[in-house]
Amino acid sequence: MKITFPHMGSLYIAVEALLQELGHDVVVPPPTTKRTLELGVRYGPEVACLPFKVMIGNLLEARALGADTVLMIGGTGPCRLGYYAEVQRQILEELGTGLEVLVLEQPLENPARLRGDLRELFRGRRVSRLPWALYIAWEKLKACEALEELALVVRPREKALGLTSQVLAQALREVREAGGVRAVHQALKLGKVALRDTGAPGKDRVHRIGVVGEIYTVLEPFVNLRLEERLGQLGAEVVRTISVVEWVRNHVLKGSVGLYKTTKLERSAVGYLRGWIGGHGLESVARANDLAADGVDGVVHILPFTCMPEVVAQAILEGVARDREVPILSLVVDEHTAEAGFQTRLEAFMDLIRRSERWAVHV
Ligand code: SF4
């Protein structure tokens, strides 16, 4: 079995480690490019959301490299994520790819199917290695996230334009290549030192901009047109509100045994939204409200065109912006989004914030 999975930011580093430790032959799809999107647009349904199309492109590119099995996560709720794996399975079958799709979803949803797919995933594999495989994948996941978060802080203070992104890419490569937990920790330590070294002394006056939105769009730089990098290079310290580590804790660990509750988010969104609306819609409203209370200078809300939960959030965020007197910029992305227009909107937003004189000082 040659197994693959779609991209979502740097998550491939942890997933690759997990599958390799279990003894799988792993085919990581090539980094997402325009060609990936073209494939997804050609073979995905026109009305599908952008993440779906990009993922189809990833899987077809991985198949060209020899993959024969796909590992996907399932989903529930009022948005389209719950249909992703099934529709992808049909498309891949109609294209005659021969790719088998295994779906990991919460056990309470479809226990029989999950049991079958897990049996297939572990057939002839080193099941006794599972705890170790999970451990190293978890440590790599946490290391990647810590490095990316530090990059958000140092980028607006970097000595030379683009230096932080270069150093971050190298640090992530070191984490990917680390062969054990101790090596992961060492790569993290060295990566942090290298990232801190990219900052220019005295360049400590920056604006803080929170980013909220649909998880895939926030985390996948190709899809969000390198939003965090662009904001950082425009002088903003980005506060990322979406964490894969947190998502795994809440949705995979607690959610799989019915222990995940949205009470805290509902409390933060009180007066705007009463409960979960699928995807990260509730999170977007709650986090934007929290960010405003925390004194950020602005919030960017990013969403794929036709994303149902985020369209609801987008309408509500107008009220949050008004009540909290915080500028909120909504950016809708799809396969037609052009870089020049995207950059112009970010520059105009940062100009607006600079004129608002809400300077924040951080060291
Ligand atoms: S949250 Fe939005 S983009 Fe993600 S699967 Fe659901 S509808 Fe699509």
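Scroll up to find the structure.
Each value, and the rule that gives it
- Position numbers for residues start from 1 in each chain and track the written sequence from start to end.
- Reporting in this predicted model follows two pLDDT cut-offs: at least 70 for local features of residues, and 80 or more for side-chain atom pairs to be given and counted; totals over whole chains, interfaces and linings ignore these cut-offs and use all residues.
- Axes, fitted as lines to C-alpha atoms, cover a helix only where it is in contact. Angles between the N-to-C directions of the axes lie from 0 to 180 degrees.
- Helical segments are the DSSP runs of H or I of at least four residues, strand segments are the runs of E of at least two, and each set is numbered from the N terminus.
- An angle below 35 degrees is read as roughly parallel, one above 145 as roughly antiparallel, one from 65 to 115 as roughly perpendicular, and any other as oblique.
- Contact between residues is assigned whenever the C-beta positions, reconstructed from backbone atoms, fall within 7 Å.
- Three residue categories are used. Nonpolar comprises Ala, Val, Leu, Ile, Met, Phe, Trp, Tyr, Cys and Pro, charged comprises Asp, Glu, Lys and Arg, and polar comprises the others, including Gly.
- Residues with at least 20 other C-beta atoms within 10 Å of their own are called buried, those with 12 or fewer are called exposed, and the rest are partly exposed. The C-beta atoms themselves are positioned from the backbone.
- Buried Ala, Val, Leu, Ile, Met, Phe, Trp, Tyr and Cys residues form a nonpolar core when they are connected through C-beta atoms within 7 Å.
- Only the C-beta atom, placed from the backbone, is used; a residue is near a molecule or strand if that atom lies within 6 Å of it.

Draft legend 1. Summary view of the packing of helix 7 (residues 163-177) against helix 8 (residues 181-196). Two elements in contact, helix 7 and helix 8, have axes separated by 9 Å at closest approach and are oriented at 170 degrees. Relative to helix 8, the element helix 7 lies roughly antiparallel. Where helix 7 approaches helix 8, its residues Thr164, Val167, Leu168, Ala171, Glu174 and Val175 are matched on the opposing element by Val184, Ala187, Leu188, Leu190, Gly191, Ala194 and Leu195. Of the residues belonging to the contact of helix 7 with helix 8, the class tally is 10 nonpolar, 2 polar and 1 charged.

Draft legend 2. Expanded view of helix 1 (residues 11-21). With 9 of its 11 residues buried, helix 1 lies for the most part within the structure. Listing the buried residues of helix 1 in full gives Leu11, Tyr12, Ile13, Ala14, Val15, Glu16, Ala17, Leu18 and Leu19. Along its buried surface, helix 1 packs onto strand 1 (2-4), strand 2 (25-26), helix 6 (130-154), helix 7 and helix 11 (244-254). At the C-terminal side of helix 1, glycine 23 shows a positive phi close to 95 degrees.

Draft legend 3. Representation of the environment of glycine 255 within the structure. Among the structural elements, glycine 255 can be located in the loop between helix 11 and helix 12 (263-268). By C-beta crowding, glycine 255 is classed as partly exposed, having 18 other C-beta atoms within 10 Å. Along the chain, glycine 255 and glycine 298 lie 43 residues apart, while their C-alpha atoms are 32 Å from each other.

Draft legend 4. The arrangement of the nonpolar core in detail. The biggest cluster of nonpolar side chains holds 101 residues, and the ones touching the most others in it are Leu147, Val175 and Val285. The element that contributes the greatest number of residues to this core is helix 6, accounting for 11 residues. Setting aside anything within four residues of it in sequence, one finds valine 285 in contact with Ala269, Tyr272, Leu273, Ala313, Ile316, Leu317 and Val320.

Draft legend 5. View of the site of the ligand. Taken together, 13 residues form the shell around the ligand, and within it Cys49, Cys79, Leu81, Gly279 and Cys307 come nearest. Top element by residues in the shell around the ligand is helix 14 (residues 308-324). It accounts for 3 residues.

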